[in-house]
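Read off the chains here:
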Amino acid sequence: MAPVASKANPLLTTIPWRRIKFRTICGGRISHAPPSSPAQSPTATDSEAAGKKVLETFTEEFEIGTRKITMETGRIARFANGSVVLSMEETRVLSTVASAKSDGSRDFLPLTVDYQEKHFAQGMIPNTFMRREGAPKERELLCGRLIDRPIRPLFPPGFYHEVQVMASVLSSDGKHDPDVMAANAASASLMLSDVPWGGPIGVIRIGRIGGQLIVNPSMDELCLSDLNLVYACTKDKTLMIDFQAREISERDLEAALRFAHPQAVKYLEPQIRLAAKAGKQKKDYKLYTVSGDTYEKIRSLSEGPIEAVFTDPTYGKFERGEALDNIGRDVKKILEEEGDDEGLKVLSKTVDNVRKKVVRRRIIGEGIRVDGRRLDEVRPVYCEAGHLPVLHGSSIFSRGDTQVLCTVTLGAPGEAQVLDSLVGPSSKRFMLHYSFPPFCTNEVGKRVGLNRREVGHGSLAEKALLAVMPPEANCPYTVRINSEVMASDGSTSMASVCAGSMALLDAGIPLREHVAGLSVGLISETDPATGEITDYRILTDILGLEDHLGDMDFKIAGTRNGVTAIQLDIKPAGVPLDIICESLEPARKGRIQILDHMEQEINVPRTQDGRNSPRILNLKYSNEAIRRLIGPLGALKRKIEEETGGRISVNDGSLTVVAKNQSVLDKVMEKIDFIVGREIEKGGVYKGIVTSIKEYGAFVEFNGGQQGLLHISELAHEPVSRVSDVVSIGQVLNLMCIGLDVRGNINLSLKAILPKTGAKATPVVGGSTTPVQQTPKVWKPTSNIEMKQQNKDYQPAKAVDSLSSIVIRSAAECDEADKSSGLNNPSKADAPLDAKKLKIGTELTAKVQQIRAHGLVLDCGSDIRGMYRFEAGSGRKFVVGDKLRVKCTSFSGKGIPVMSLVQG
């Protein structure tokens, strides 16, 4: 260790502390520090230093993969029942164990596992108001579950003393995820404590880059890896699997599991050696067990009625539960009459044990499950997409009595969740929030704070769907899925995966593949002497009761091509890896059956063409234009959001507009166009405000603060004597840009958008300034090719200094160009129409697309939509698909061409 002086702050070392005689404050009085003693002088020897305490520490060093790992105990947290600091390079994690002195009155193991990441571990101060860490974050809850799941099965049956395991990150270099380190440190601290525990365990993380499996990958390597496997085991049995991948095949998954087991076992021997050096003698805790006589008495009273309930497949979940509760009450009444206090204390546990034996004997002996299904049979499936049409996306998925409602909400990139963790990305745009309300099991309960189980199930479903999400370039939006459990009878997290996949397609998200999931269970018989499994059965799509009474809950989600997420929880003290690998094939077959039903309901992303469908638009602007739009301290941006109801998000030079429907989007774009402006084009229609009136015309402010001249000759088709007779200051007009004058000023025209009917010119007030060629292209994710074409077609707005795109030509040249393009030549009207060249007077053939109350919507070709208003007294009937000869007479306030019928 380097001397302290070498690590001192250079600024502090320049202060002459001895010269100013540093003062100490004690008891409210100030006194001078006593002069330094000779023993503190540089010439004093170590033997003369008084009060120095030497801490006895014990260390184990070993290597796994390419990483050097150190376990140390005795230096810090010496009062804890067991404490270990595990180090990997510059990352250090402390794990402590404490056990309550008294057990209290309970019939379960009150094990608490807490994991905490504090900002000091990376030399930072929290950004919160109090400048300290608050409630546990989602990541901390997930890491706590990762530690809890493999250590809980190894506590002996009947051990009901309160135990608390706490893991804290002391320092982090950001290169390694501390979660796996904390799990191994927790195992080592339990080994050092006097708490009875059947460890040690080893926990390993495996990645794969380019087909090569990597042990303990760094965070940078995980970004390139196509799988993230966390595997926990004892010497010969699997305890826990937490897995995320990009559609990995079952064969490759099995290879990764068999590679991970011997790597995880390498953690065991160092823990045993450390416990031999510094471990405590295991204490003889009181184990609560049922006496043989009491067990036989309760079994004889309850076994027959319980078997009758379990052999009747007509029972539903609640009918079966009520029947079992009645059996328990009947046995309790008999014990109360006999005054058997010991039997009453253990009644609940004993009856539950009898249920377990009855179910296991029936499944292993007869191969028939509680609800009458075969071992590999999936419950009936019901799928419905688009259940809530007003939302962005929604779906209902039911499997048996389990039912989940999923909704999808699309947001701007700025609405991504901020992740305040020591490692990993700083934000995420895809979120799945799982909710398990009490009514889904017909219970009464409170909804308070984050629930570990809900966070864990939501994280599993999120991992499963993340593998098939399109890349950010094709889906640059924040996506939130809400999974609401409506009814629960097993595997609600896997039902959330299925419902979430359908809801995403209903929202128009182009998923690579459908994702489905189900849970596989295990019923086994063991040898009482050795604890080895002698017989077993694998169950596909387990019920909640089979999860409770069984040995394994193996949740597997994936596509037709492979697995995307796994979560394995074990109730006994481990399951052989061969059985785990054998379970993959039944899970795959059941997953394919569910995918068949889901694909029949919805198989391609839906387009969002409805009037009330949400709209999301990505735009590109210059930094100067964005600054004008946001305004001082974002005041202008907030004003636009309040007035229109839309949301604007600015991120890295791009602007994202989120609107509830097309009408709201039009309002937002009208505001944006007026403030920021677009590239000025000759023939474009723009909205402006009259700022001043002169004798020769009016000056108009438009397109984000630019000035244009509306000459008196351009006010109407008829001569105008005074400008103020037609326009007034503050009036809003839709005007057409007709070119530049000799001084470079922008010339605007009002008469160019008015019909040449000889009627008095009436200024057009209000409406959007977006011309037909500038109609915003809203994301319709029917295919990646279409999305790339839309991005290619959209041109970002630019700050206009000059009209370089405008070409000034004579009237003869314009007429000649119009003739050559065929826009005014009826003989060429059927040629492909260019939206940028469509203008008043153009004749063309259009098709009737829609018939509305006051007019027609016409398909003019080249994605141009026009409208025709019914004339008073017109008795002609129109049919969708009719072809009409029409002429463009004007443009609406939103830039839509208004057509009139050509008599012929």
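Please read all numbers here as calculations on a predicted model, not as lab measurements.

A. Fine view of the overall build of the chain. Counting secondary structure elements, the chain contains 21 helices and 36 strands. For the chain, buried positions account for 47% of its 904 residues. Carbon and sulfur atoms provide 52% of the accessible area of the chain, an area that totals close to 45,100 Å².

B. Molecular detail of the packing of helix α8 (residues 292-310) against helix α9 (residues 317-338). Contact pair α8 / α9: the axes reach a minimum separation of 10 Å and the direction vectors enclose 160°. Accordingly, the angle class assigned to the pair α8 and α9 is roughly antiparallel. Of the two possible hands of crossing, α8 and α9 adopt the one that is right-handed. Within the contact between the two elements, α8 uses Lys297, Ile298, Leu301, Ser302, Pro305, Ile306, Val309 and Phe310 and α9 uses Arg320, Ala323, Leu324, Ile327, Val331, Ile334, Leu335 and Glu338.

C. Broad picture of the sheet that holds strand β27 (residues 685-694). Spatial strand order, β27-β28-β29-β31-β30: 5 strands in a closed barrel with mixed pairing. Averaged over all adjacent pairs, the angle separating strand axes in this sheet is 55°, with direction ignored.

D. Structural detail: the environment of Thr73. Positionally, Thr73 belongs in strand β4 (residues 67-73). The sequence separation of Thr73 and Ala188 amounts to 115 residues, and the corresponding C-alpha distance is 9.6 Å. Apart from the residues lying within four places of it in its own chain, the contact partners of Thr73 are Glu56, Thr57, Phe58, Ser83, Leu192, Leu274 and Ala278. Within the local environment of Thr73, its side chain forms a polar contact with the backbone oxygen of Ser83, the two atoms lying 2.7 Å apart.

E. Fine view of the pairing of strand β20 (residues 516-526). Within β20, 9 of the 11 residues are buried, which leaves the element mostly enclosed by the surrounding structure. In the sheet, β20 pairs with strand β22 (residues 552-558) via 7 bridges, with the strands oriented antiparallel. Residue pairing across strands places Leu522 opposite Met552, the latter belonging to β22. Note that β20 and strand β21 (residues 533-540) share 7 bridges and pair antiparallel. Pairing of Thr526 across the sheet is with Ile533, part of β21. Two successive antiparallel strands, β20 and β21, enclose a turn made up of 6 residues, where Gly531 displays a positive phi of approximately 80°.

F. The arrangement of the pairing of β27 in detail. Pairing between β27 and strand β30 (residues 732-740): 5 bridges, direction antiparallel. Across the sheet, residue Lys687 finds its bridge partner in β30, namely Asn734. One ladder, built from 6 bridges, connects β27 with strand β28 (residues 697-702); its direction is antiparallel. By the bridge assignment, Lys694 is partnered in β28 with Gly697. Here β27 hands over to β28 after 2 residues, the two strands then running antiparallel side by side.

G. Structural detail: the nonpolar core. If you look at the biggest cluster of nonpolar residues, it comprises 134 residues, and the most contacted ones within it are Leu229, Tyr231, Phe243, Phe397 and Leu504. In terms of residue count, the dominant contributor to this core is helix α4 (residues 178-192) (10 residues). If sequence neighbours within four positions are ignored, Phe397 has contacts with Val381, Tyr382, Cys383, Thr402, Gln403, Val404, Ala495, Cys498, Ala499, Met502, Ile594 and Met598.

H. The arrangement of helix α7 (residues 268-278) in detail. Turning to α7, its buried residues are Leu268, Pro270, Gln271, Leu274 and Ala275. Axial view of α7: buried residues confined to an arc of 165°, hence all on one face.

I. Layout of a negative patch on the surface. Together, Glu319, Glu322, Asp325 and Asp401 make up a negatively charged patch on the protein surface. For Asp325, the position within the fold is in helix α9.

J. Here's a closer look at the side chain of Asp489. Summarising the element assignment, Asp489 is placed in the loop between β19 (478-487) and α13 (492-506). The contacts of Asp489, once residues within four sequence positions are left out, are Lys317, Arg379, Asp401, Thr402, Ile542, Leu543 and Gly544.

K. Unusual backbone geometry, seen in detail. Of the consecutive residues Gly199 and Pro200, the connecting peptide bond is found in the cis state with omega at 5°. Along the polypeptide, Pro200 turns up in the loop between α4 and β9 (202-209). Positive phi is not limited to glycine here, since Glu89 has a value of about 55°. Examined against the element boundaries, Glu89 turns out to sit in the loop between β5 (82-88) and β6 (91-99). Residue Glu89 is classed as partly exposed on the basis of its relative accessible area of 41%.

L. Here's a closer look at helix α19 (residues 662-675). Over its 14 residues, α19 runs 20 Å from end to end, which matches the ideal 20 Å to within 8%, given 1.5 Å per residue. Every buried residue of α19 is listed here: Val664, Leu665, Val668, Met669, Ile672, Asp673 and Ile675. An end-on view of α19 places all buried positions within 165° of arc, on one side of the element. Close packing links the buried residues of α19 with β24 (615-620), α17 (623-630), α18 (635-644), β25 (647-651) and β26 (654-659). Its side-chain oxygen at 3.2 Å from the backbone nitrogen of Ser663, Asn661 defines the N-terminal cap of α19.

M. Region of the structure containing the sheet that holds β9. With respect to topology, 8 strands assemble into an open sheet ordered β10-β9-β11-β12-β23-β22-β20-β21, the strand pairing being antiparallel. Single-partner strands in this sheet number two, and they are β10 (212-215) and β21. Geometrically, the sheet is characterised by an average inter-axis angle of 20° between neighbouring strands, direction not taken into account. Strands β11 (227-233), β12 (238-248) and β23 (563-570) of the sheet are contacted by helix α3 (residues 138-151), whose axis makes an angle of about 130° with β12.

N. Quick peek at the packing of aromatic side chains. Taken as a whole and judged by the stated rule, the model has 7 aromatic pairs. Ring geometry for Tyr160 against Tyr288: centres 5.8 Å apart, planes inclined by 20°, an arrangement best described as stacked. Of the two residues, Tyr160 sits in the loop between α3 and β8 (163-171) while Tyr288 sits in the loop between α7 and α8, which places them 128 residues apart along the sequence. Given a relative accessible area of 12%, Tyr160 falls into the buried group. Grouped by ring-pair contacts, the aromatic residues Phe155, Phe159 and Tyr285 constitute a single cluster. Taking NZ or CZ as reference, Lys317 lies 5.7 Å from the ring centre of Phe318, over its face.

O. The pattern of salt bridges, seen in detail. Tallied over the entire structure, the rule returns 53 salt bridges. Among the ionic pairs, Glu377 bridges to Arg374, the shortest N-O distance being 3.8 Å. The partly exposed category is assigned to Glu377, whose relative accessible area is 26%. For Arg374, a relative accessible area of 52% translates into the label exposed. A salt bridge links Arg560 to Glu599, with the shortest nitrogen-to-oxygen separation between them at 3.0 Å. One end of the pair, Arg560, is in the loop between β22 and β23; the other, Glu599, is in helix α16 (residues 584-601), with 39 residues separating them in the sequence. Assessed through its relative accessible area of 34%, Arg560 is described here as partly exposed. Since its relative accessible area comes to 23%, Glu599 is described here as partly exposed. One connected set of salt bridges, linked through shared partners, spans Arg369, Asp371, Arg373, Arg379, Arg399, Asp541 and Glu546.

P. Main features of the environment of Arg447. Looking at the element boundaries, Arg447 is found in the loop between β18 (430-435) and α12 (452-466). The partly exposed category is assigned to Arg447, whose relative accessible area is 48%. Sequence separation between Arg447 and Ser435 is 12 residues; the distance between their C-alpha atoms is 9.8 Å. Not counting residues up to four positions away in its chain, the partners in contact with Arg447 are Ser435, Phe436, Pro437, Pro438 and Glu454.

Q. Looking closely at the packing of α13 against α16. Two numbers describe how α13 lies on α16: the axes approach to 11 Å, and their chain directions differ by 25°. It follows from the interaxial angle that α13 and α16 lie roughly parallel. For the element pair α13 and α16, the recorded crossing hand is right-handed. In this structure, α13 uses Cys498, Ser501 and Met502 to contact α16, whose residues at the interface are Ile594, Met598 and Glu601. Each residue belonging to the contact of α13 with α16 can be placed in one class, and the counts come to 4 nonpolar, 1 polar and 1 charged.

Rules used in this analysis
- Residues numbered from 1 in each chain as written.
- Predicted model: local features only at pLDDT ≥ 70, side-chain atom pairs only at ≥ 80, totals over all residues.
- Heavy atoms only, no water.
- Helix = DSSP H or I, 4+ residues; strand = E, 2+ residues; numbered from the N terminus.
- Buried < 20%, exposed > 50% of the residue type's maximum accessible area, 1.4 Å probe, protein only.
- Areas by Shrake-Rupley, 256 points an atom, 1.4 Å probe, with all protein chains shown as cover.
- Axes fitted to C-alpha atoms, helices over the stretch in contact; angles between N-to-C directions.
- Parallel < 35°, antiparallel > 145°, perpendicular 65-115°, else oblique.
- Left-handed = near helix turned anticlockwise from the far one by under 90°.
- Contact = heavy atoms within 4.5 Å.
- Pairing = 2+ DSSP bridges.
- Polar contact = N/O pair within 3.5 Å; in protein donor to acceptor, adjacent residues only side chain to side chain.
- Core = buried A, V, L, I, M, F, W, Y, C linked by side-chain atoms within 4.5 Å.
- Arc of directions from axis to C-beta.
- Patch = residues over 30% accessible without salt bridge, like charges linked within 9 Å, V, L, I, M, F, W, Y side chains within 5 Å.
- Salt bridge = Lys/Arg side-chain N within 4 Å of Asp/Glu carboxyl O.
- Lys, Arg positive; Asp, Glu negative; His and termini not counted.
- Charge placed at Lys NZ, Arg CZ, Asp CG, Glu CD.
- Expected span 1.5 Å × (residues − 1).
- Phe/Tyr/Trp six-rings, centres within 6.5 Å; stacked < 30°, edge-to-face > 60°.
- Lys NZ or Arg CZ within 6 Å of the ring centre and 35° of its normal.
- Nonpolar A, V, L, I, M, F, W, Y, C, P; charged D, E, K, R; others polar.

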